[in-house]
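Geometric and topological summary
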Amino acid sequence: MGPGRRWQRQLEPGFLTYSVALPGVGVSLLNVFLKSHNEEEERPEFVAYPYIRIRSKPFPWGDGNHTLSITLM
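The protein has the name Cytochrome c oxidase subunit 6A1, mitochondrial in an unreviewed UniProt entry, where Eschrichtius robustus is given as its organism. Taken from UniProt, the Subcellular location (unreviewed entry) comment for the protein reads in full: "Mitochondrion inner membrane". Taken from UniProt, the Sequence similarities (unreviewed entry) comment for the protein reads in full: "Belongs to the cytochrome c oxidase subunit 6A family."

Let's shift gears to the overall build of the protein. The secondary structure content of the protein amounts to 3 helices and 0 strands. Each helix (α) and strand (β) of the protein, taken in turn from the N terminus, gives the series α-α-α. Counting across all 73 residues of the protein, residues that qualify as buried make up 1%. In the structure as shown, the protein presents an accessible area of about 7,500 Å², 61% of it carried by carbon and sulfur atoms.

The subject of this paragraph is helix H2 (residues 13-36). End to end, H2 covers 33 Å across 24 residues, agreeing with the expected 34 Å (1.5 Å per residue, within 8%). Within H2, the axis deviates most sharply at Ala21, by approximately 30°, and proline Pro23 lies no more than four positions further along.

Calculation criteria
By convention here, each chain's residues receive numbers from 1 onward along its written sequence. Two thresholds apply to this predicted model, a pLDDT of at least 70 for residue-level local features and 80 or more for giving and counting side-chain atom pairs, whereas whole-chain, interface and lining totals are computed over all residues. The side-chain numbers reported here are obtained from all heavy atoms of the structure, hydrogens and water having been left aside. UniProt positions are given in the numbering used here, feature names are shortened, and annotations may be inferred rather than shown by experiment. Here a strand is any run of E in DSSP of at least two residues, a helix any run of H or I of at least four, and the numbering for each starts at the N terminus. To sort residues, take the accessible area from a 1.4 Å probe on protein chains only and compare it with the maximum for the residue type: under 20% means buried, over 50% means exposed, and anything in between is partly exposed. A 1.4 Å probe and the Shrake-Rupley method give the accessible areas. Residues count as covered only by the protein chains that appear here. A helix is expected to reach a length of 1.5 Å times the quantity of its residues less one. Here the bend at a residue is taken as the angle between two axes, fitted respectively to the seven residues that end there and the seven that start there.

Written out as structure tokens, the structure reads:
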């Protein structure tokens, strides 16, 4: 195997998958796991400002007032 073949092998998709993508997914999973075991932070109280939830026209599904994620539940 010549020196040019070694660099060509490292550019194959399988090499990048196992050397970059899988360790990145592992680090992300570890981060989520460690953060989930910490105490939950309290959310601040919701303040209904007049510029929040302004709808200029109704949604095309359901009663027109709820988003699609609410209507699917």
